[in-house]
Amino acid sequence: MGASASREKFRESVTALIEVDVSPDDADFWDELWKIPSSADEVFELISPDAARRLRDERFDNLATLFTQATAQLCQIVETPYNIYFDQALNCVRVLTRILPFLLEKGDLGDPDPNVEHLCWGTGANPIPSETLPPPEDKIMGLVIGGNTNDVGEESAYRKKGSRSNSVDDDDIETVEEDDNQEPLALLVVHAAMHMLFLPQFTCDFYEEEEEDDLSTLDSRYSKRTNGTKNSEEGLSNAEIMRKRRDEQRAAKEDREMKNEAGLGLTKHADTGVSLSPRPTSIVWAAGCGVLPSQLGYDANTRKYDKNRVELLRLLLASCCDPLFSPADEYNPLASRWLAVAVAADAPNAICLFYSLLNTILSYDP
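Residues numbered from 1 in each chain as written. Predicted model: local features only at pLDDT ≥ 70, side-chain atom pairs only at ≥ 80, totals over all residues. Heavy atoms only, no water.

Peer 1: Just to check I follow, could you spell out the overall build of the protein for this structure?
Peer 2: Helices and strands together make up the secondary structure of the protein, namely 15 helices and zero strands. By the burial criterion, 37% of the 366 residues in the protein qualify as buried. Within the protein, contacts between residues separated by at least 24 positions form 70% of all contacts whose residues are at least 6 apart in sequence. Approximately 22400 Å² of the protein is accessible, and the part contributed by carbon and sulfur atoms is 51%. (Helix = DSSP H or I, 4+ residues; strand = E, 2+ residues; numbered from the N terminus. Buried < 20%, exposed > 50% of the residue type's maximum accessible area, 1.4 Å probe, protein only. Contact = heavy atoms within 4.5 Å. Areas by Shrake-Rupley, 256 points an atom, 1.4 Å probe, with all protein chains shown as cover.)

Peer 1: Sorry if this is basic, but what is going on with unusual backbone geometry here?
Peer 2: A negative phi holds for most residues other than glycine; trans holds for most peptide bonds. Here glutamine 201, not a glycine, exhibits a phi torsion of approximately 65°, which is positive. Locating glutamine 201 in the fold gives a position in the loop between helix 10 (185-196) and helix 11 (215-233). A residue is classified by how much of its surface remains accessible, and glutamine 201, at 38% relative accessible area, is partly exposed.

Peer 1: What is the right way to read the pattern of salt bridges from this model?
Peer 2: A pair can form between side chains of opposite charge whenever their charged atoms are brought close. This structure, assessed with the given rule, holds 13 salt bridges. One salt bridge connects aspartate 205 with lysine 304, and the closest N-O pair in it is separated by 3.5 Å. In this pair, aspartate 205 sits in the loop between helix 10 and helix 11 while lysine 304 sits in the loop between helix 12 (238-261) and helix 13 (306-319), placing the two residues 99 residues apart along the sequence. On the basis of relative accessibility, which here comes to 54%, the residue lysine 304 falls in the exposed class. With a closest N to O distance of 2.8 Å, aspartate 247 and arginine 250 form a salt bridge. Of this pair, aspartate 247 and arginine 250 both sit in helix 12, three residues apart, which is roughly one turn of that helix. The class of arginine 250 is partly exposed, set by a relative accessible area of 45%. (Salt bridge = Lys/Arg side-chain N within 4 Å of Asp/Glu carboxyl O.)

Peer 1: What is the right way to read the packing of helix 5 (residues 60-79) against helix 10 from this model?
Peer 2: It is at 9 Å that the axes of helix 5 and helix 10 come closest, and there the two elements cross at 40°. Of the two elements, helix 5 crosses helix 10, and the hand of that crossing is left-handed. Contacts between helix 5 and helix 10 pair Phe67, Thr68, Thr71, Leu74, Cys75, Ile77 and Val78 from the former with Leu185, Leu188, Val189, Ala192, His195 and Met196 from the latter. (Axes fitted to C-alpha atoms, helices over the stretch in contact; angles between N-to-C directions. Left-handed = near helix turned anticlockwise from the far one by under 90°.)

Peer 1: Even after reading the chapter, I still don't get the packing of helix 4 (residues 49-58) against helix 5, so can you show me in this structure?
Peer 2: Two quantities define a packed helix pair, namely the angle between the axes and the distance from one axis to the other. Two elements in contact, helix 4 and helix 5, have axes separated by 5 Å at closest approach and are oriented at 110°. By the angle between their axes, helix 4 is roughly perpendicular relative to helix 5. Taken together, the residues of helix 5 that come into contact with helix 4 (itself represented by Leu55, Arg56 and Glu58) are Phe60, Asn62, Leu63 and Leu66. Here the contact of helix 4 with helix 5 is composed, by residue class, of four nonpolar, one polar and two charged. (Parallel < 35°, antiparallel > 145°, perpendicular 65-115°, else oblique. Nonpolar A, V, L, I, M, F, W, Y, C, P; charged D, E, K, R; others polar.)

Peer 1: Honestly, the environment of leucine 312 in this entry has me stumped. Any pointers?
Peer 2: As for its placement among the helices and strands, leucine 312 is situated in helix 13. Residues leucine 312 and arginine 94, 218 residues apart in the sequence, show an inter-C-alpha distance of 8.6 Å. Setting aside its immediate chain neighbours within four residues, leucine 312 contacts Val93, Ala193, Met196, Leu197, Phe202 and Thr203.

Peer 1: In this structure, what is going on with the packing of aromatic side chains? I would like to understand it.
Peer 2: Geometrically, a pair of aromatic rings is defined through the distance of the ring centres and the angle of the planes. A complete count under the given rule lists six aromatic pairs for this structure. Ring geometry for tryptophan 121 and tryptophan 338: centres 5.6 Å apart, planes at 70°, overall edge-to-face. Here tryptophan 121 is found in helix 7 (residues 114-121), whereas its partner tryptophan 338 is found in helix 14 (residues 337-342), with 217 residues between them in sequence. Taken individually, tryptophan 121 and tryptophan 338 each receive the classification buried, so the pair is uniform in this respect. (Phe/Tyr/Trp six-rings, centres within 6.5 Å; stacked < 30°, edge-to-face > 60°.)

Peer 1: What am I meant to see in the state of the cysteines here?
Peer 2: Structurally, a disulfide amounts to a covalent bond that connects the sulfur atoms of two cysteines. Considering all chains together, one arrives at zero disulfides under this definition. The thiol of cysteine 204 is not disulfide-bonded; the next cysteine sulfur, from cysteine 352, is found 9.2 Å away. Distance from the sulfur of cysteine 320, which forms no disulfide, to the nearest cysteine sulfur (cysteine 321) is 8.2 Å. Judged by relative accessible area, which is 22%, cysteine 320 ranks as partly exposed. (Disulfide = S-S within 2.5 Å.)

Peer 1: In this structure, what is going on with a nonpolar patch on the surface? I would like to understand it.
Peer 2: Taken together, the side chains of Tyr82, Ile84 and Tyr85 make up a nonpolar region of the molecular surface, amounting to roughly 360 Å² of accessible area. Summarising the element assignment, tyrosine 82 is placed in the loop between helix 5 and helix 6 (86-104). (Patch = residues over 30% accessible without salt bridge, like charges linked within 9 Å, V, L, I, M, F, W, Y side chains within 5 Å.)

Peer 1: Can you help me understand the side chain of serine 356 in this one?
Peer 2: Checked against the element boundaries, serine 356 lands in helix 15 (residues 350-362). Given the relative accessible area of 0%, serine 356 is considered buried. Not counting chain neighbours up to four residues away, the residues in contact with serine 356 comprise Phe198, Val284 and Trp285.

Peer 1: What is the right way to read helix 6 from this model?
Peer 2: Residues spaced three or four apart along an α-helix face the same direction, because each turn holds 3.6 residues. Its 19 residues give helix 6 an end-to-end C-alpha distance of 27 Å, which sits within 8% of 27 Å, the value for a rise of 1.5 Å per residue. The sharpest bend along helix 6 comes to roughly 25°, located at arginine 98, with the proline proline 101 sitting one to four residues further on. Most of helix 6 is tucked away, with 18 of its 19 residues classed as buried. (Expected span 1.5 Å × (residues − 1). Bend = angle between axes of the 7 residues up to and from the residue.)

Peer 1: Even after reading the chapter, I still don't get the nonpolar core, so can you show me in this structure?
Peer 2: Soluble globular proteins tend to bury their nonpolar side chains together. Formed by 68 residues in total, the largest nonpolar core has its most connected members in Phe10, Leu66, Phe67, Leu74, Met196 and Trp338. Top contributing element to this core by residue count: helix 6, with twelve residues. (Core = buried A, V, L, I, M, F, W, Y, C linked by side-chain atoms within 4.5 Å.)

Listed below in structure tokens is the structure:
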């Protein structure tokens, strides 16, 4: 398929999404959509702001399927990173980068849209148009992360009582309870993007996982340290040993005082099990802080992965832009659930991403 033919095919697919209802089970349509070769510029041009808003406001079911399938494709490429699917994954990244801001802007002048809220943060069934929702006492909906805790309490009480609507059978309740264990799409998008920023042959070279330090390793290090101290004190009298230790304590005290004067005296604590070092170091994008040039798994000057990295960073930026769409008097640049997911303790490759961005900036030579 030539460039002009693929461009026209992508335009026809976008038009179909806006004008007609496309079933999520229409495998031919969705498979063809993701496989159409398209650049980032073409995706942004053909999915215009007007088209994105019409899709959101008039064909939300199509938008929900588009969002869900793109997210599922990214999760799949993380699980099975075969290079034959990389172009398809990039198409998904570009589509998500384009439509996410228009999803997040829905509540810019008031309360968040319930459909958008449930699509991004729901952990249960598919979004249901608000006008078709059943009465509160009969509804069974997935929990919404960061949503109204009263609804969660009501739902928990509802399930404990075992009451249900006449239109809902036992099989449906079991299905909903299974769906409640699903992670929200917003979390899956952010985690998939952070995984793909360090995906072998996509954004970095192949690497082997570094083993964490176990207790035996720590014990051997401690024994070496104590043995070294004992060896350095062999042959000294008790008075000389005491004098040496006093000198070391005095030097340590002076060092602490100097750090306090420089504003470096604050003690930093890390929870047990949280590593602040990049692991593995071979996947960090540039040498510098925390990473020596010899620890990189490839040539630090290579730029072969930069284009893919930039596309994924754009997706992360687009996903964290929701504070921009809040009312002016409520603007808070830190009030982003998407950003909270990206900086959480369980965010994949967060430390490696931090060192990669930091060292890339520090090594920049204009």
